[in-house]
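Read off the chains here:
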Amino acid sequence: MADAISKTQRWLDLIAFLVGRRYPVEVEHIMDAVPAYAEKYQEGDKKARETVRRMFERDKDELRELGIPIETLPKVVDYGAEVVQAYRIAGKDFYLPYLKLIGDAGPVGPAPTPGEEVRHGSMVLRSEDMAVAYESLSTCYHMPSFPLKREASSALRKLSFDLGPHLGIVDSSPVLYVDQPGAEEIRSRVRVLSDALLARKRVRFTYHGIRRGEDTERDVAPYGLLFQRGHWYLIGHDETRDAERVFRVGRMEEPQLNTKSPKTADYEIPTEFSLDEYRHRDAWELGSDDEQTLEAQVRFEFPTSLWAERNGYGVLNEKLPDGSQVRTFEVRQISPFLRWILSLEGRARIEAPAQLAESLRYLAREVLAVYEASAAAAGTVSTAGGGAHE
Amino acid sequence: MSERGTAGQQLERILYLLPLASRDGGVPLSEAAERLGVSVETVQRDLEEVTSRAFYHPAGGTDDLQILLEANHLKIYSYKKFDRPPKLSGREMLSLAIGLRAAAVEAATGRASEIRDMAHRVEVELAVTSADEEADRFALEEGDGDGAAVRALLKEAARFHIRCRIRYLKPDDSEPGEREVDPYAVVYGSGKWYVIGHCHLRGDIRAFRVDRVLAAEAMDVAFDVPDEFDHAAYVAGGRVFRSDAEEEVVVRYSALVAPWVREHGPVEELEDGCVAVRFTTADPGWVVRHALQYGPEAEVVEPFDVREMVVAAAVAFLDDE
């Protein structure tokens, strides 16, 4: 007995049979022609034939998922007596056109022969555009826990097909992303979440709510995935709380995609949802939109003012002759804001409102109290403590 | 999962391998393996899937694939079939679209619209399905604040080995200083970008935080990266170190903030739910600022001089009293 035909072989046969056909082929013909189907279809009973038919339907769906453009077209058979569904893969939809680069820089591969070009078409790209495309894919590939890492790699491989062997994923790139501990585990979670997001399927997971120290079960309709400051976040509609929420992927346990009715979407993403609204938020800007914001004026001494300006912290209100700057902040979360200003070691001060400035001084006194208490316990004396700054 | 992966991954490799080996001269197995990011053995197994299959022959004549494997060199003769890789799949295009969007955000205004136009052309001509809408569901925010132009310049300088003049602001300096730097690597770790390179002012390798590079310009000078340079020597536990002269600083965190601290890496568990972390750093100032971000919930335990730095920083907020 011959070895069983593997799934890969079956798929390859099916693609080979359908690709480049001018006229679509009806199912009966496919059942006769593709060996893996034929051996069961031709000799089997009705039940076996139905099983093979279902196998073909599944193959077709999975191959489409993998990006194989199998078309379904009507075909007239029996001299017009019947119209049946038929299939083909058009060569122009399947094969990658030739890539040609123009411009001085950039390696141009061997020019394809004219005949080949006509058959598959070609696309001309500026070499600097190609460089951006390569870099973009390389960034995705190397970015910690990027869910479509494998696809970024295969896309890069395809784009570099005509352009020499050394343009694949370059591990020697000087632009590097340091993986955090546990990055692989995070990647598998982000992958599940991105699969759910793309199929619009809900996900369930246990979430370690770090603020309250509680584990809760969540059922979420994913709206978007955001990589920010080294962490992945899921933004979605939390069914149990009936509200839009942000979840840090690192605090989830085993997200499970809803496998019921895989071809049917569980939800729609509201048209007003925009992931951009979650970008570029500092800790003090987080929180829901209905929370009150506080406008704070902060004076950055020179040269820290240059750093604040370069990184776009707050909005410039006033430049002073000594090079310092007063910048305005919209603060939603007071505590992280005060702590951030505290970490600037006196190089930035809150000018207004007065109450917020007093809160900052209170925080500074709390810090001093901690150090004084432990120094007293250990019997050491601080030289800079007690408010006597040099 | 083994290197062979799923049937889908194997099919993807085969549909790339066939056209690769169909080109004039074929392809060495080692090159095919390198391009596919798998071992030569996996390529050979992939090839077995192809050789053991039985094609239907529409023309009824010759086999549509002839495979020649000689001394680790693969050549395939195909009759107008599988002589090109497939177009980009939906997910491949999606990864490209997500990357290009991030690149457009980083780019200068005019260039950003060019990148978006290019993404659209690629999508129309090279991809099976559109990824445009789904790409909006993903966002990569690589930056640490503004200053995308500085970051882009440093990355390019590192790629093409071009010396840079940077205006760098160390937190304790009274004004920014000018330095000439050969950027060996631009590294993203713990949500921040760093440049690791040879500093001509110090005559040694240094790590610079990109958010403290106020301005950068490329110089008309090329440099070589020394063979012995290894960025890994400056990276550990997901963090980038500033130089190799290090000091140990111990920070104690209260039970209130301990859950956040545990998320960042290994900790020593103390009584009452408190935790301690031992940092090895060449820049104690970094630890001071780090501890202050936790307010009274973090305390530098040792050494004494770093404790003093924290106290001085807190006092600075009170000296107008």
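What you see as residue numbers is a count from 1 along each chain, following the sequence as written. In the order they appear in the text, chains get letters beginning with A and ligands get numbers beginning with 1. Thresholds applied to this predicted model are a pLDDT of at least 70 for local features of residues and 80 or more for the giving and counting of side-chain atom pairs; totals over whole chains, interfaces and linings are not thresholded and use all residues.

Draft legend 1. Structural context of the overall build of chain A. Helix and strand definitions follow DSSP, with helices as H or I runs of at least four residues and strands as E runs of at least two, each counted in order from the N terminus. When its secondary structure is counted, chain A shows twelve helices and 15 strands. Scored against the burial criterion, the 390 residues of chain A give a buried share of 37%. Here, residue contact means that the backbone-derived C-beta atoms of the two residues sit within 7 Å. Once local pairs closer than 6 in sequence are excluded, the contacts in chain A between residues at least 24 apart make up 53%. Here a residue counts as buried when 20 or more other C-beta atoms fall within 10 Å of its C-beta, as exposed when 12 or fewer do, and as partly exposed in between; the C-beta atoms come from the backbone.

Draft legend 2. View of the domain arrangement of chain A. Annotation comment: domain bounds sourced from an automatic or database domain assignment. Partitioning chain A into structural domains gives domain 1 (7–93), domain 2 (96–107 + 116–178), domain 3 (201–270) and domain 4 (294–365). Relative placement of domain 1 of chain A and domain 4 of chain A: their C-alpha centres are 67 Å apart.

Draft legend 3. Layout of the sheet that holds strand β2 (residues 71–77) of chain A. All names here are of chain A. Two strands qualify as a pair provided that DSSP identifies no fewer than 2 bridges between them. Taken in spatial order, the three strands of this open sheet run β1-β3-β2, and their pairing is antiparallel. Unpaired on one side and paired on the other, β1 (25–26) and β2 mark the two borders of the sheet. Relative to strand β3 (residues 82–88), β1 runs antiparallel, the two being bridged by two bridges. Bridge pairing links Glu 26 to Ala 86 in β3.

Draft legend 4. Looking closely at the packing of helix α11 (residues 334–342) of chain A against helix α12 (residues 354–378) of chain A. All names here are of chain A. Viewed as axis vectors pointing N to C, α11 and α12 meet at an angle of 65°, and their least axial separation amounts to 10 Å. The orientation of α11 relative to α12 falls into the category roughly perpendicular. The two elements α11 and α12 cross, and the hand of that crossing is right-handed. On α12, the residues that touch Leu 338, Ile 341 and Leu 342 of α11 are Ser 359, Leu 360, Leu 363 and Ala 364. For this classification, the nonpolar set comprises Ala, Val, Leu, Ile, Met, Phe, Trp, Tyr, Cys and Pro, the charged set comprises Asp, Glu, Lys and Arg, and every other residue, Gly included, is treated as polar. Considering only residue class, the contact of α11 with α12 consists of six nonpolar, one polar and no charged. A fitted line through C-alpha atoms represents every axis, and for helices the fit uses only the stretch in contact; the resulting angles, taken between N-to-C directions, go from 0 to 180 degrees. For classification purposes, an angle smaller than 35 degrees is called roughly parallel, one larger than 145 roughly antiparallel, one from 65 to 115 roughly perpendicular, and anything else oblique. The hand of a helix crossing depends on one turn: near helix anticlockwise from the far one by less than a right angle means left-handed, and clockwise means right-handed.

Draft legend 5. Structural detail: α12(A). Under the convention used throughout, the expected extent of a helix is 1.5 Å for every residue step, that is, one less than its residue count. Taking 1.5 Å as the rise per residue, α12(A) with 25 residues should run 36 Å; its terminal C-alpha atoms sit 36 Å apart, in good agreement. Taken residue by residue, α12(A) has Leu356(A), Ala357(A), Leu360(A), Leu363(A), Ala364(A), Val367(A), Leu368(A), Val370(A) and Tyr371(A) as its buried positions. For α12(A), the elements touching its buried residues are β12 (294–300), α11 and β15 (348–352) of chain A together with β15 (298–302) and α10 (304–316) of chain B.

Draft legend 6. Region of interest: the domain arrangement of chain B. The assigned domain composition of chain B is domain 1 (7–78), domain 2 (90–135), domain 3 (151–240) and domain 4 (247–316). For domain 2 of chain B and domain 3 of chain B, the distance between their C-alpha centroids amounts to 29 Å.

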